[in-house]
Amino acid sequence: LIKIIARKLSNKFNFSNKEISLIVNILKKYLKQGQSATNVIHICNDVEDNRILSDALTNHIDFFITGDKNLLKIKSYKEMKIISPEKYWELKLLK
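Along each chain, residues carry numbers from 1 onward, in the same order as the chain's sequence is written. Predicted model: local features are reported for residues with pLDDT of at least 70 only, side-chain atom pairs are reported and counted for 80 or more only, and whole-chain, interface and lining totals are derived from all residues. Excluded from the side-chain calculations are hydrogens and water; all other atoms, namely the structure's heavy atoms, are used.

Looking at the sheet that holds strand β1 (residues 63–65)
Pairing between strands requires that DSSP locate at least two bridges from one strand to the other. Working definition: helices are DSSP H or I runs of at least four residues, strands are E runs of at least two. Numbering for both runs from the N terminus. Pairing within the open sheet is mixed, and its three strands lie in the order β1-β3-β2. Each edge of the sheet is formed by a strand with only one pairing partner; in this case those strands are β1 and β2 (76–77). Strands β1, β2 and β3 (80–83) of the sheet are contacted by helix α3 (residues 47–58), whose axis makes an angle of about 135° with β3. Every residue pair with non-hydrogen atoms within 4.5 Å of one another is taken to be in contact. To obtain an axis, a line is fitted to C-alpha atoms, over the contacting stretch when the element is a helix, and the angle between two such axes runs from 0 to 180 degrees between their N-to-C directions.

In structure tokens:
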């Protein structure tokens, strides 16, 4: 996941290598490494997204936070909710 984020920051948002390195280090500090899925589900057309969603399900993730409009249309899969970062913060602030 961190490799994908780093690639997106570079390709999509033109972050410098220094900025990406800083963000990656922060993510590594706060993210917990989980298990990789043994089977990949097929709920969208993007192979990379299917892999990430499968890993999230394997690790019993409650919220899959994304800005991907195609994934947001799915809304949920099994017990996992697929929401935008804005929606996530709304839910956190309401607690």
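A short note on the packing of helix α1 (residues 2–11) against helix α2 (residues 17–30)
As a packed pair, α1 and α2 sit with axes 10 Å apart at the nearest point and diverge in direction by 155°. It follows from the interaxial angle that α1 and α2 lie roughly antiparallel. For the pair α1 and α2, the crossing hand works out as right-handed. Contacts between α1 and α2 involve I2, I5, A6, L9 and S10 from the former and I20, I23, V24, L27 and K28 from the latter. A class-by-class count of the residues in the contact of α1 with α2 yields eight nonpolar, one polar and one charged. Angular relationships are summarised with four words: roughly parallel below 35 degrees, roughly antiparallel beyond 145, roughly perpendicular across 65 to 115, and oblique for the angles in between. Two helices that cross are described as forming a left-handed crossing if the nearer one is turned anticlockwise from the farther one by less than a right angle, and a right-handed crossing if clockwise. Three classes are used: nonpolar for Ala, Val, Leu, Ile, Met, Phe, Trp, Tyr, Cys and Pro, charged for Asp, Glu, Lys and Arg, and polar for all others, with Gly counted as polar.

Some points on α3
End to end, α3 covers 17 Å across twelve residues, agreeing with the expected 16 Å (1.5 Å per residue, within 8%). A simple rule labels every residue: compare its accessible area, found with a 1.4 Å probe on the protein chains alone, to the largest value its type can have, and call it buried under 20%, exposed over 50%, or partly exposed in between. Of the residues making up α3, those classed as buried are D49, N50, I52, L53, S54, A56 and L57. A distance of 2.8 Å separates the backbone nitrogen of E48 from a side-chain oxygen at the start of α3, and that oxygen is part of D46. Note on α3: the residue one or two positions beyond its end, H60, has a positive phi of about 55°. A helix is expected to reach a length of 1.5 Å times the quantity of its residues less one. Each polar contact in these results corresponds to two N or O atoms within 3.5 Å; when the atoms are within protein, one needs to be able to donate a hydrogen and the other to accept it, and residues that are neighboring in sequence are counted only if both atoms are side-chain atoms.

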